[in-house]
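So the chains spell out like this:
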Amino acid sequence: MIHIVGAGSGAADLITLRGARLLRAADVVVWAGSLVNPELLAECKESCVVYDSAHMTLEEVLDVMCAADARGEEVVRLHTGDPCLYGAIQEQMDALDARGVDYEVVPGVSSFCGAAAALRQEYTLPGISQSVVITRLSGRTPMPAGEGMRTMAESGSTMVIFLSSGMLAELSAELLAAGRSSDEPAALVYKATWPEERVVRCTVGTLADAGAREGIDRTALVVVGRVLGARGGLAHDGAQAEPYERSKLYDPSFATGYRKASS
């Protein structure tokens, strides 16, 4: 069996219990060495053979995994975050299907969740935003038609932008062209949940300046949205925060299938 495992957003103890159990049992591990926390390899048994996929092609990864599987060995393909986002696992799964090799996918904690934790922020606040757009700027991997940054930003929803921290000036220009305000709150979250995690709060208009000042041009998520400026009291910078509506779920005047309205 080949186990495609999400390693989590960075901190070694954010891998799931299932993922850690499989890692301990693995005979062969193919891991994304440029992205996954190396502390996780301490879970591997001494006899485990480890390959760093940062130096491998897809074909080499498949050959290693399938050969180990043919020998009856347990294989873990260790991906960063949750492998369903920018994980390049579909091509691996399709190839394994074609070869008749069995596999499973074990979800992990995505870095967009780690970024929310670092920001101490809920992405969906009633009356502010109830949608989250996860996207990226076009780069060496182009965006499909209809998924350009301007189009994705026009809704005004909360945005979590991957793989774009090296193009902050371009990102800011695209967001402004989509109608987002230059004063709209934004944040750079560098290496969310890693020991070296950093949070830099800024605005859509100051993204590039903030990145240059802090030396952040990779391994960071960009979060944009009015939710970052919404609080029950003051915003993070001491300014008056934008109010949001209280959740109906716990409102005493709102009846649910478990609780009658009390006032």
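About the cut-offs
- Residues numbered from 1 in each chain as written.
- Predicted model: local features only at pLDDT ≥ 70, side-chain atom pairs only at ≥ 80, totals over all residues.
- Heavy atoms only, no water.
- UniProt positions renumbered as here; feature names shortened; annotations may be inferred.
- Salt bridge = Lys/Arg side-chain N within 4 Å of Asp/Glu carboxyl O.
- Buried < 20%, exposed > 50% of the residue type's maximum accessible area, 1.4 Å probe, protein only.
- Helix = DSSP H or I, 4+ residues; strand = E, 2+ residues; numbered from the N terminus.
- Arc of directions from axis to C-beta.
- Domains from an automatic or database assignment.
- Contact = heavy atoms within 4.5 Å.
- Buried area = accessible area lost by both parts, 1.4 Å probe.
- Nonpolar A, V, L, I, M, F, W, Y, C, P; charged D, E, K, R; others polar.
- Axes fitted to C-alpha atoms, helices over the stretch in contact; angles between N-to-C directions.
- Parallel < 35°, antiparallel > 145°, perpendicular 65-115°, else oblique.
- Left-handed = near helix turned anticlockwise from the far one by under 90°.
- Pairing = 2+ DSSP bridges.

An unreviewed UniProt entry annotates the protein as Precorrin-4 C(11)-methyltransferase originating from Gordonibacter pamelaeae. The record held by UniProt for the protein lists under Pathway (unreviewed entry) the comment "Cofactor biosynthesis; adenosylcobalamin biosynthesis." Annotation of the protein in UniProt includes, under Sequence similarities (unreviewed entry), the sentence "Belongs to the precorrin methyltransferase family."

All told, the structure shown has 11 salt bridges when counted by the stated rule. Residue glutamate 73 pairs with arginine 71 through a salt bridge whose shortest N-O separation is 3.0 Å. Since its relative accessible area comes to 54%, arginine 71 is described here as exposed. Look at the salt bridges and you will find they share partners, linking Arg198, Arg213 and Glu214 into a network.

For helix H6 (residues 168-177), every residue scored as buried is listed here: Leu168, Leu171, Ser172, Glu174 and Leu175. Each buried residue of H6 lies within a common arc of 165° when the element is viewed along its axis, so the set occupies one face.

In this section: the domain arrangement of the protein. Size of an interface: often given as the accessible area lost when the parts come together. Entries for the protein in the domain assignment read domain 1 (2-106) and domain 2 (111-229). The straight-line distance from the C-alpha centre of domain 1 to that of domain 2 is 29 Å. If you look at the interface, domain 1 gives 10 residues, while domain 2 gives 11 residues. When the two sides are added together, the surface that domain 1 and domain 2 hide from each other amounts to roughly 780 Å², 69% of it contributed by carbon and sulfur. Counting the surface domain 1 buries against domain 2, the share from its top three residues, Ser9, Leu85 and Tyr86, is 64%. Our count for the contact surface shared by domain 1 and domain 2 stands at 0 salt bridges. Here the residues of the side of domain 1 that touches domain 2 are counted per class, giving 7 nonpolar, 3 polar and no charged.

What follows concerns the packing of H6 against helix H7 (residues 207-214). Here H6 crosses H7 at 160°, and the two axes come no closer than 8 Å. Considered as vectors, H6 and H7 are oriented roughly antiparallel to each other. Taken as a pair, H6 and H7 cross one another with a handedness that is right-handed. Between H6 and H7, the residues in contact are Leu168, Ala169, Leu171, Ser172 and Leu175 and Leu207, Ala208 and Gly211, respectively.

Inspection of the sheet shows strand S8 (residues 185-190) paired to strand S9 (residues 198-203) by 6 bridges, in the antiparallel sense. Each bridged residue has a counterpart across the sheet, and for valine 189 the counterpart in S9 is valine 199. Both S8 and strand S10 (residues 220-224) contribute to a ladder of 5 bridges, which runs antiparallel. Bridging across to S10, valine 189 finds its partner in leucine 221.

Taken in spatial order, the 5 strands line up as S6-S7-S10-S8-S9 in an open sheet, and their pairing is mixed. Strands at the two margins of the open sheet, each flanked by one partner only, are strand S6 (132-136) and S9. Recorded for the sheet is a direction-independent mean angle of 20° between the axes of neighbouring strands. Contacts between H6 and the sheet are confined to strand S7 (158-162), S8 and S10, with S10 contributing the most and set at about 20° to the helix.

Moving on: helix H4 (residues 111-119). Here H4 has its buried residues at Ser111, Phe112, Gly114, Ala115, Ala116 and Leu119. Taken together, the buried residues of H4 touch S6, S7, S8, S9 and S10. Arginine 120 sits one or two residues past H4 and shows a positive phi near 55°.

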